[in-house]
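Here's the letter readout for the chains.
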Amino acid sequence: MIHTDGSVGTDVDGSSPYLRTAPSLPHLIESHALTDAVATWKPWPAGSFTASAIALLDGLVEVPEASWGSSRWRLSDTVAVMGYDTWDREHPRRLARVWSRGEAGHHQVRTLLD
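Cut-offs applied
- Residues numbered from 1 in each chain as written.
- Predicted model: local features only at pLDDT ≥ 70, side-chain atom pairs only at ≥ 80, totals over all residues.
- Heavy atoms only, no water.
- Patch = residues over 30% accessible without salt bridge, like charges linked within 9 Å, V, L, I, M, F, W, Y side chains within 5 Å.
- Areas by Shrake-Rupley, 256 points an atom, 1.4 Å probe, with all protein chains shown as cover.
- Salt bridge = Lys/Arg side-chain N within 4 Å of Asp/Glu carboxyl O.
- Helix = DSSP H or I, 4+ residues; strand = E, 2+ residues; numbered from the N terminus.
- Buried < 20%, exposed > 50% of the residue type's maximum accessible area, 1.4 Å probe, protein only.
- Expected span 1.5 Å × (residues − 1).
- Arc of directions from axis to C-beta.
- Polar contact = N/O pair within 3.5 Å; in protein donor to acceptor, adjacent residues only side chain to side chain.
- Contact = heavy atoms within 4.5 Å.
- Phe/Tyr/Trp six-rings, centres within 6.5 Å; stacked < 30°, edge-to-face > 60°.
- Lys NZ or Arg CZ within 6 Å of the ring centre and 35° of its normal.
- pLDDT = per-residue confidence, 0-100.
- Core = buried A, V, L, I, M, F, W, Y, C linked by side-chain atoms within 4.5 Å.

Novice: Kindly report on a nonpolar patch on the surface, identifying the contributing residues and their values.
Specialist: Together, Ile2, Leu25 and Ile29 make up an exposed nonpolar region whose accessible area comes to about 280 Å². Relative to the assigned elements, Ile2 resides in the segment before strand S1 (8-10). Residue class for Ile2 comes out exposed when judged on its relative accessible area of 57%.

Okay, here's the thing in C-alpha cells:
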C-alpha cells in the first residue's frame, strides 16, 4: 500500500493497522535493487553477527537512497550489510543480513566469526 504521505506499507495480515515499511517507493525500489545486486554474493547465516561486530567491518559506506529508520544498507566493494527491524511488535529487535564476495570479503567477514 502507498499511504497519502508517500510512504509504503502493509497491514501484515489484512486486519492490522497500517505498518510503514519504507518512507517512499524509490527507497523501497533501491533497497530491493541492492538485494538483487548482492544475490550472487555469499550470504552469511542471519543472526550470526552482533551490531558491535558489524561495526568492526572496514570500508562500509551507508547507502542513503536505500536506507531509512527501520532498514539501513551499508556497502563496500566486497561486503554488504542490511540492518533491519523486525515486524514483531511484541518482541522488536534489530537483525542484520551480511553478504561478501571475493576472498578479501570472505576473509573480512570470517574474522568476525572467529
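Novice: Lay out helix H3 (residues 102-113) in plain terms, naming residues and giving numbers.
Specialist: Spanning 12 residues, H3 covers 17 Å between terminal C-alpha atoms, matching the ideal 16 Å at 1.5 Å per step. Within the sequence span of H3, burial applies to Gly105, His106, Gln108, Val109 and Leu112. Down the axis of H3, the smallest arc covering the buried residues is 160 degrees, so these residues share one side. Facing away from the buried side of H3, by more than 90 degrees, are the exposed residues Glu103 and Ala104.

Novice: Talk me through the side chain of Ser76; I want residue IDs and the actual numbers.
Specialist: If you trace the backbone, Ser76 turns up in the loop between strand S5 (71-75) and strand S6 (79-85). Within the local environment of Ser76, its side chain forms a polar contact with the backbone nitrogen of Thr78, the two atoms lying 3.2 Å apart. Dropping the residues within four chain positions of it, Ser76 is found in contact with Trp41, Gly59 and Leu60.

Novice: So what about the packing of aromatic side chains? Which residues, and what values?
Specialist: For the coordinates displayed, the defined rule picks out one aromatic pair. The lysine or arginine in question, Lys42, covers the ring of Trp44, its NZ or CZ lying 4.5 Å from the ring centre.

Novice: Any details on the confidence of the model for the protein? Residues and values, ideally.
Specialist: For the protein, per-residue confidence averages 86 on the pLDDT scale, and 97% of positions sit at 70 or higher. The spread of mean pLDDT over the elements of the protein runs between strand S2 (residues 19-22), the lowest at 77, and strand S3 (residues 42-43), the highest at 96.

Novice: How would you summarise the nonpolar core if you had to cite specific residues and measurements?
Specialist: In terms of nonpolar packing, the biggest core is built from 12 residues, these being Trp44, Phe49, Ala53, Ile54, Leu57, Leu60, Val79, Val81, Ala96, Val98, Val109 and Leu112. When residues of this core are traced back to their parent elements, those giving at least two are helix H2 (51-54), S6, strand S7 (94-100) and H3. Here Leu112 is in contact with Phe49, Ala53, Ile54, Leu56 and Leu57, once residues within four sequence places are set aside. Core analysis: the next-biggest nonpolar cluster, separate from the first, contains nine residues, Leu34, Ala66, Trp73 and Trp99 among them.

Novice: Talk me through the environment of Thr21; I want residue IDs and the actual numbers.
Specialist: By the element assignment, Thr21 lies in strand S2. According to the relative accessible area criterion, Thr21 is buried, its value standing at 18%. Here the alpha-carbon distance between Thr21 and Ser70, two residues 49 residues apart in the chain, equals 7.7 Å.

Novice: Hey, could you go over the pattern of salt bridges for me, with residue numbers and the actual values?
Specialist: Per the counting criterion, the structure on display carries two salt bridges. Of the charged contacts in the structure, one is a salt bridge between Arg72 and Glu62, with a shortest N-O distance of 3.1 Å. Of this pair, Arg72 sits in strand S5 while Glu62 sits in strand S4 (residues 61-62); the two residues are 10 residues apart in sequence, bridging distant segments of the chain. Using a relative accessible area of 32% as the deciding quantity, one classes Arg72 as partly exposed. Using a relative accessible area of 37% as the deciding quantity, one classes Glu62 as partly exposed. In this structure, Glu103 and Arg110 form a salt bridge, with 2.7 Å as the shortest nitrogen-oxygen distance. Its relative accessible area of 33% is what places Arg110 among the partly exposed residues.

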